[in-house]
Amino acid sequence: MSDTDRPHAPSAPETPRPLAEPRLATRHRERGRLPRHVVLALPLALAGLISLLLSGNALRPFETIATIEARMASKSDYFRDPEVRRLLLENGIRVDIHRLGSRGIATQPLRGMDVVFPSGQPAAKLILDRQDRSVRSVRPFVSPLVLGTFRDYAETLVRAGVATPQPVQGGGRTLYYDLDMHKFMGLLDGLDGGRDTADQDRDGTLERADTWNGIGFDEPGAHSNSGRVLVRTSNVCESNAAGTYLSTLAFVENRNSTPGAGEPDKKKAAREALDIAARIKPLIDLQGMPADEQAESYLSALGESIAPISLIYEHQYLAHQIDYEREHHRQDTNRVLLYPTPYALTEPQLISLSGKGDKLVALIATDPELRRRAIELGFRVRFSGEDGTSEQLNAYLRGRGIQVPTPNRDQTKVYEPDLDVLEKIITYVGDCPPPVRDTS
């Protein structure tokens, strides 16, 4: 019997196998890499953050910016400068400028103002006298009053014997001339020896007295100007520049003496002031323009056709030369300055009228970066010690390759009359309405 035919014993039942849990297959993803430009930028971003933390500016965007309401005259161009505005914002200050002439600032209501910035001391004294509390103020810089003209006109004045070119170190054409105000005033009245015609340039031809052609400006085939020799001024009823120019004319007319000075009799001082005012009134050309617009006209492309001579501040001319050199890598030798002798120095004063104003005054008085920028804008900044008001500006000009003005040997300075006397001169010459005094 074969094995296949043999009966088999029954087998034990099979034990069921436990079911295995299904395994979920997962994909292994590679960690993404930062883009290369992000990796390269990270060190710079980190460095910038560290710099902000160290400088204390990391939270600057979250700080409150104080807006200071300011009424300012021609020196508002300092606060309008983009770099000055940036520096002020870094210190949490924004200045909202309301433009007005110095005399207007001194006589109009000041409600709502945090600071005022008249361009000279007469207006500043009027403002300080109106305050019923002690106020903080600073005189951060000075700027001489000058006459802006053009080379051909300046050389005509040299030939007429009223101007002298300043020397240039290393040679070349000068940017600056000294102007004898006593002789120059003789060209402003339209008369020569009491006559309205004369041969002032000795060319054998009688011409109208005190015209540019009459004193030798005209050249055959070149240029000609039959207009009178005049200085284009700003509005004498509003402007510190025009008021200071009037003080200069009055000082010279009064034999280099301040009208009314030392006179105890106020009525007699007033009569003296009015007498001098009547004599100098014909000598100026009243244009009614603010001082900063006067400089803009002079420095414009059409400046020479607008006026041969314009009354401006020295810093406005120097700022132009600095900008011109930066753009053209040379000086603007067509525009030149006449420095009057005797000379007048203007001292703008920033006066605080509120707590916010105190903060701005303190910053202007102490911040070295704001002082540095004032020098770069052509101002003679006040410094104590051996670095006086002029030396740092002179060093900056030399570094830019710009000629430095030479102080005149004649250091006679114009001293402005007392406020009452000056007001009488201004009101008479400019036919100005009397100032409305306001105590607010």
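To be clear, the structure that these remarks concern was listed above.
Small disclaimer: the values here were computed from a predicted structure and weren't measured.

Rules behind the numbers
- Residues numbered from 1 in each chain as written.
- Predicted model: local features only at pLDDT ≥ 70, side-chain atom pairs only at ≥ 80, totals over all residues.
- Heavy atoms only, no water.
- Helix = DSSP H or I, 4+ residues; strand = E, 2+ residues; numbered from the N terminus.
- Contact = heavy atoms within 4.5 Å.
- Areas by Shrake-Rupley, 256 points an atom, 1.4 Å probe, with all protein chains shown as cover.
- Phe/Tyr/Trp six-rings, centres within 6.5 Å; stacked < 30°, edge-to-face > 60°.
- Buried < 20%, exposed > 50% of the residue type's maximum accessible area, 1.4 Å probe, protein only.
- 1 Å grid on protein atoms, 1.4 Å probe; cavity = no way out; pocket = protein on both sides within 12 Å on 5 of 7 lines; lining within 4 Å.
- Points joined across faces, edges and corners; volume = space filled by probe spheres on them.
- Disulfide = S-S within 2.5 Å.
- Pairing = 2+ DSSP bridges.
- Axes fitted to C-alpha atoms, helices over the stretch in contact; angles between N-to-C directions.
- Parallel < 35°, antiparallel > 145°, perpendicular 65-115°, else oblique.
- Salt bridge = Lys/Arg side-chain N within 4 Å of Asp/Glu carboxyl O.
- Core = buried A, V, L, I, M, F, W, Y, C linked by side-chain atoms within 4.5 Å.

Participant: Mind showing me how you'd approach the overall build of the chain here?
Facilitator: Within the chain one finds 16 helices and 16 strands. Taking the contacts inside the chain whose residues are at least 6 apart along the sequence as the reference set, 72% of them involve residues at least 24 apart. By element, 52% of the accessible surface of the chain is carried by carbon and sulfur atoms, the whole surface being about 24000 Å².

Participant: How do you make sense of the packing of aromatic side chains when you look at a structure like this?
Facilitator: To describe a pair of aromatic rings, you give the distance between the ring centres and the angle between the ring planes. As enumerated under the stated definition, the model contains 12 aromatic pairs in all. A ring pair is formed by Tyr-78 and Phe-141, whose centres lie 5.5 Å apart and whose planes are at 70°; its orientation type is edge-to-face. Pair noted here: Tyr-78 is in helix 2 (residues 76-80) and Phe-141 is in strand 5 (residues 141-150), with a separation of 63 residues, a long-range link. We classify Tyr-78 as buried; its relative accessible area is 3%. Owing to a relative accessible area of 2%, Phe-141 belongs among the buried residues under this scheme. Considering the side-chain rings of Phe-79 and Phe-117, the 5.8 Å spacing of their centres and the 85° angle between planes classify their relative orientation as edge-to-face. On the criterion of sequence distance, the pair formed by Phe-79 in helix 2 and Phe-117 in strand 3 (residues 115-117) is long-range, its members being 38 residues apart.

Participant: Please clarify how empty space enclosed by the protein should be interpreted in this entry.
Facilitator: Any empty space left between atoms is shown by rolling a water-sized probe over those atoms. Evaluated as defined, the whole model comprises one cavity of 30 Å³ or more. Taken together, 15 residues form the lining of the largest cavity, with Arg-103, Pro-122, Ala-123, Leu-422 and Ile-426 sitting closest to its centre. Those elements that place two or more of their residues in the lining of the largest cavity are helix 4 (102-107), helix 5 (121-130), helix 8 (240-253) and helix 16 (419-430).

Participant: I'm lost on the state of the cysteines in this one. Help?
Facilitator: Formally, a disulfide is one covalent bond, and it connects the sulfur atom of one cysteine to the sulfur atom of another. By the definition in use, this model includes one disulfide. The side chain of Cys-237 participates in a disulfide bridge whose partner is Cys-432; the two sulfur atoms lie 1.9 Å from each other. Of note, the bridge from Cys-237 to Cys-432 carries an S-S torsion of about -90° and is left-handed in sense. Here Cys-237, found in the loop between strand 10 (232-234) and helix 8, pairs with Cys-432, found in the segment after helix 16; they are 195 residues apart in sequence, far enough to count as distant. Across the pair, Cys-432 and Cys-237 agree in class, each one buried.

Participant: I keep staring at the pairing of strand 1 (residues 66-72) and nothing clicks. Help me out?
Facilitator: A regular strand places its side chains so that they alternate between the two faces of the sheet. Where strand 1 and strand 2 (residues 93-99) come together, seven bridges link them in parallel fashion. Counted as the bridge partner of Glu-69 is Asp-96 from strand 2.

Participant: What exactly am I supposed to notice about the packing of helix 8 against helix 16 here?
Facilitator: Helices that pack against each other are described as a pair by the angle of their axes relative to one another and the distance between those axes. Viewed as axis vectors pointing N to C, helix 8 and helix 16 meet at an angle of 100°, and their least axial separation amounts to 10 Å. Taken together, helix 8 and helix 16 sit at an angle that is classed as roughly perpendicular. On the side of helix 8, the interface is formed by Gly-243, Leu-246, Ser-247 and Ala-250, while helix 16 contributes Leu-422, Ile-425, Ile-426 and Val-429.

Participant: What should I look at first to understand the layout of surface pockets in this one?
Facilitator: In this structure, the largest pocket spans a volume of roughly 530 Å³. Lining the largest pocket are 31 residues, with Pro-144, Tyr-339, Tyr-343, Arg-380 and Pro-407 sitting closest to its centre. Breaking the lining of the largest pocket down by element, the ones donating at least two residues are strand 5, helix 8 and strand 13 (335-341). The leading source of residues in the lining of the largest pocket is strand 5, at five residues.

Participant: How do you make sense of the pattern of salt bridges when you look at a structure like this?
Facilitator: Two side chains that carry opposite charge are able to pair once their charged atoms sit near each other. Under the criterion given, the structure shown has 21 salt bridges. Between Arg-279 and Glu-253 there is a salt bridge whose closest N-O contact spans 2.7 Å. In this pair, Arg-279 is assigned in helix 9 (residues 266-280) and Glu-253 in helix 8, connecting sequence segments 26 residues apart. Its relative accessible area of 27% is what places Glu-253 among the partly exposed residues.

Participant: I tried to follow the nonpolar core on my own but got confused; where do I start?
Facilitator: Within soluble globular proteins, side chains that are nonpolar generally end up buried alongside one another. In terms of nonpolar packing, the biggest core is built from 91 residues, with Tyr-78, Phe-79, Leu-157, Phe-184, Tyr-245, Leu-350 and Leu-360 touching the most fellow members. Discounting residues that sit within four places of it in the chain, Tyr-78 has contacts with Val-84, Phe-141, Ile-364, Leu-370, Ala-374, Leu-377 and Phe-379. In this structure, Leu-110, Val-116, Ala-124 and Val-135 belong to the second largest nonpolar core, which totals 13 residues.

Participant: Help me understand unusual backbone geometry, please; the structure alone is not making it clear to me.
Facilitator: If a residue is not glycine, its phi is most likely negative; likewise, a peptide bond is most likely trans. The omega torsion across Thr-341 and Pro-342 is 5°, close enough to zero to call that bond cis. Structurally, Pro-342 can be placed in the loop between strand 13 and strand 14 (345-346). In this model, Asn-256 sits at a positive phi of 55°, which is unusual for a non-glycine residue. As for its position among the elements, Asn-256 is in the loop between helix 8 and helix 9. Residue Asn-256 is classed as partly exposed on the basis of its relative accessible area, which comes to 40%.

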